[in-house]
Amino acid sequence: LQPQGRKSSSIFDEGRETLAWAESLTKLKPDHRVSHRLLGQTALRTRAWRLARDHLLAAQDFYGLADLERLESGNDARAIDWLTEAAGAMPDPAW
């Protein structure tokens with residue numbers, strides 16, 4: 001997930017640009033589960049924890065939420081809870 005044609009002066013600038021790009025894509029279909037997953041995963045990679053949590057929850061991205069728990073707070077017990085939730089969840093819709 002990388003906006004093309006942009007040069008960044010630092011990794012932090014690149015993260016902000018990538019997050020802005022994901023936010024602009026999400027506006028095209030703001031209530032779609034895949035939009036929430038895109039923005040949640042991008043926020044996770046850029047360490048925007050609150051934004052990541054909000055969108056990963058909306059997308060029901062339990063694996064992403066497990067990653068968030070490990071990265072944000074090191075809470076392995078809560079991460080395992082999310083993985084357990086993922087194991088019992090309905091699979092993603094397929095084409």
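Now for a quick tour of the structure.

Definitions and cut-offs
Sequence order sets the numbering: in each chain, residues are counted from 1 along the sequence as written. At least 70 in pLDDT is required for a residue's local features to be given in this predicted model, at least 80 for side-chain atom pairs to be given and counted, and no such filter applies to totals for whole chains, interfaces and linings, which use all residues. Only hydrogens and water are set aside; all other atoms, that is, all heavy atoms of the structure, feed into the side-chain values. In summary, the pairing rule links any two rings of Phe, Tyr or Trp, Trp by its six-membered ring, whose centres are within 6.5 Å, and it sorts them by plane angle into stacked for under 30 degrees, edge-to-face for over 60 and tilted for everything else. Secondary structure elements are taken from DSSP: a helix is a run of H or I of four residues or more, a strand is a run of E of two residues or more, and numbering for both begins at the N terminus. Note on exposure labels: buried denotes an accessible area under 20% of the residue type's maximum, exposed denotes more than 50%, and partly exposed covers the range between, all computed with a 1.4 Å probe on protein chains only. Salt bridges, as used here, are contacts in which a Lys or Arg side-chain nitrogen is within 4 Å of a carboxyl oxygen on Asp or Glu. How far a helix is expected to stretch is found by multiplying one less than its residue total by 1.5 Å. We call two residues in contact when some of their heavy atoms are within 4.5 Å. Joining through side-chain atoms within 4.5 Å is the link that ties buried Ala, Val, Leu, Ile, Met, Phe, Trp, Tyr and Cys residues into a set, and such a set is a nonpolar core.

Brief notes about the packing of aromatic side chains
Now for step 1: According to the stated counting rule, one finds one aromatic pair in the structure shown.
Now for step 2: Aromatic side chains Phe62 and Trp82 sit 5.8 Å apart centroid to centroid with 15 degrees between the ring planes, which places their arrangement in the stacked category. Here Phe62, found in helix H4 (residues 62-73), pairs with Trp82, found in helix H5 (residues 76-88); they are 20 residues apart in sequence, far enough to count as distant. Accessibility assignment for this pair places Phe62 and Trp82 in one class, buried.

Observations concerning the pattern of salt bridges
Now for step 1: According to the stated counting rule, one finds five salt bridges in the structure shown.
Now for step 2: When the shortest N-O distance is used, the salt bridge between Glu72 and Arg53 registers 2.7 Å. Here Arg53 lies in helix H3 (residues 49-59) and Glu72 lies in helix H4, a separation of 19 residues in the sequence.
Now for step 3: Overall, the relative accessible area of 36% leaves Glu72 in the partly exposed class.
Now for step 4: Arg53 gets classed as partly exposed once you look at its relative accessible area, which sits at 24%.
Now for step 5: Of the charged contacts in the structure, one is a salt bridge between Arg78 and Asp81, with a shortest N-O distance of 3.6 Å. Here Arg78 and its partner Asp81 are both found in helix H5, three residues apart, which amounts to about one turn of the helix.
Now for step 6: Taking relative accessible area as the criterion, Arg78 reaches 32% and is therefore assigned partly exposed.
Now for step 7: Via salt bridges that share partners, Arg53, Glu69 and Glu72 belong to a single interconnected network.

Points about helix H2 (residues 33-45)
Now for step 1: With 13 residues, H2 ought to run about 18 Å at 1.5 Å a step, and its terminal C-alpha atoms sit 18 Å apart, in line with that.
Now for step 2: By the burial criterion, the buried members of H2 are Ser35, His36, Leu38, Leu39, Gly40, Gln41, Thr42, Ala43 and Leu44.
Now for step 3: After H2 finishes, the residue Arg47 shows a positive phi value of roughly 65 degrees.

Description of the environment of Leu44
Now for step 1: With respect to the helices, strands and loops of the structure, Leu44 is situated in helix H2.
Now for step 2: Judged by relative accessible area, which is 6%, Leu44 ranks as buried.
Now for step 3: Between the C-alpha atoms of Leu44 and Leu68, which are 24 residues apart in sequence, the distance is 6.6 Å.
Now for step 4: In this structure, Leu44 is in contact with Trp49, Ala52, Gly64, Asp67, Leu68 and Leu71, ignoring residues within four places of it in sequence.

Quick notes on the nonpolar core
Now for step 1: Core analysis: the largest hydrophobic core is formed by 15 residues, its most contacted members being Ala52, Leu56, Phe62, Leu65, Leu68 and Trp82.
Now for step 2: Among the secondary structure elements, those contributing two or more residues to this core are helix H1 (11-26), H2, H3, H4 and H5.
Now for step 3: Sequence-distant contacts of Trp82, defined by excluding residues within four places in its chain, comprise Leu57, Phe62, Leu65, Ala66 and Glu69.

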